[in-house]
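Analysis of the macromolecular model
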Amino acid sequence: FSKEQIKSLLIQVKSKLNIGGKLLIFSLKTKKNEIPCFVKMNRKLKKSLEKDEKIFKIIKKRLVNSKESYFNFKVNISKQKYISMIKHRYISCLLDMSVKDITLGINEFDRKYKKIINFTDSLKCISYKN
C-alpha cells in the first residue's frame, strides 16, 4: 500500500465504524523481535517490520486517540513443526521466496536450532475506539 492508500483506507474505516465500535490492528512487534529465522528470512522480515513501523506512524496521526499495547506469548515448538510452517509459508515474509531459497533456508535453520525452539512471540496492537 502507498501512503495515500493507507490514509484513504483509515478515513473509510473510521467513517464506517459504529459509535462505541473498536478498530484493532495487529502486527508483530517491530523492535527486538525474537522470531527464529534463517538469514534471508531475517532480512526480509526486518524490511517488512520497517514498513510496518512507517505504517504505524501514519495510523497514529490519523487515529488520534489510539492506544498501543503488546501481547507476549511464550512459544515452545519442535524444530520439525516450525520447519513445516516455513515450508508452508505461514510467515508472510516467506510468501515470495523461491522453493530454492526456502530449501536452503530450511537447511540453514536445521543446523542452527535445537530440537525444541523456545522464543517469545510479541504482537503489537493498536486499538481505536470511536
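What this report covers is the structure whose coordinates are included nearby. (Residues numbered from 1 in each chain as written. Predicted model: local features only at pLDDT ≥ 70, side-chain atom pairs only at ≥ 80, totals over all residues. Heavy atoms only, no water.)

Here the structure, examined in full by the defined rule, presents four aromatic pairs. Pairing F26 with F71 gives two aromatic rings, centres 6.2 Å apart and planes at 45 degrees, and the pair type is tilted. Of this pair, F26 sits in strand β1 (residues 22-28) while F71 sits in strand β2 (residues 67-78), and the two are 45 residues apart along the sequence. Look at F26 and you get partly exposed, because its relative accessible area is 47%. Judged by its relative accessible area of 37%, F71 is partly exposed. (Phe/Tyr/Trp six-rings, centres within 6.5 Å; stacked < 30°, edge-to-face > 60°. Helix = DSSP H or I, 4+ residues; strand = E, 2+ residues; numbered from the N terminus. Buried < 20%, exposed > 50% of the residue type's maximum accessible area, 1.4 Å probe, protein only.)

Residues that lie three or four places apart on an α-helix share one face, since the helix turns once every 3.6 residues. For helix α4 (residues 99-112), which comprises 14 residues, the first-to-last C-alpha distance of 20 Å matches the rise-based estimate of 20 Å (1.5 Å per residue) to within 8%. Contact partners of the buried residues in α4: α3 (79-87) and β3 (116-129). (Expected span 1.5 Å × (residues − 1). Contact = heavy atoms within 4.5 Å.)

Together, K3, K14, K31, R43, K47, K51, K54, K57, K61 and R62 make up a region of like positive charge exposed at the surface. Where the positive patch is concerned, the elements lending two or more residues are α1 (3-16) and α2 (39-62). At seven residues, the largest contribution of residues to the positive patch is made by α2. (Patch = residues over 30% accessible without salt bridge, like charges linked within 9 Å, V, L, I, M, F, W, Y side chains within 5 Å. Areas by Shrake-Rupley, 256 points an atom, 1.4 Å probe, with all protein chains shown as cover. Salt bridge = Lys/Arg side-chain N within 4 Å of Asp/Glu carboxyl O. Lys, Arg positive; Asp, Glu negative; His and termini not counted. Charge placed at Lys NZ, Arg CZ, Asp CG, Glu CD.)

So, about the nonpolar core. Judged by nonpolar contacts, the single largest core of 20 residues is most densely connected at I35, M41, Y82, I86, L94 and F119. When contributions to this core are tallied by element, the ones reaching two or more residues are α2, β2, α3, α4 and β3. If we skip the residues at most four places from it in the chain, L94 touches F38, M41, I86, R89 and I102. In terms of nonpolar packing, the next biggest core, distinct from the first, is built from 10 residues, L17, L23, I58 and Y128 among them. (Core = buried A, V, L, I, M, F, W, Y, C linked by side-chain atoms within 4.5 Å.)

Here the focus is the pairing of β3. On a regular strand, each side chain points to the face opposite its neighbour's, so the side chains alternate between the two faces of the sheet. Both β1 and β3 contribute to a ladder of seven bridges, which runs antiparallel. If you follow L28 over to β3, its bridge partner there is L123. Where β2 lies against β3, 12 bridges are found, and the strand directions are antiparallel. Bridging from a neighbouring strand, K74 pairs with T120 of β3. (Pairing = 2+ DSSP bridges.)

On their own, these measurements won't tell you what the molecule is for.
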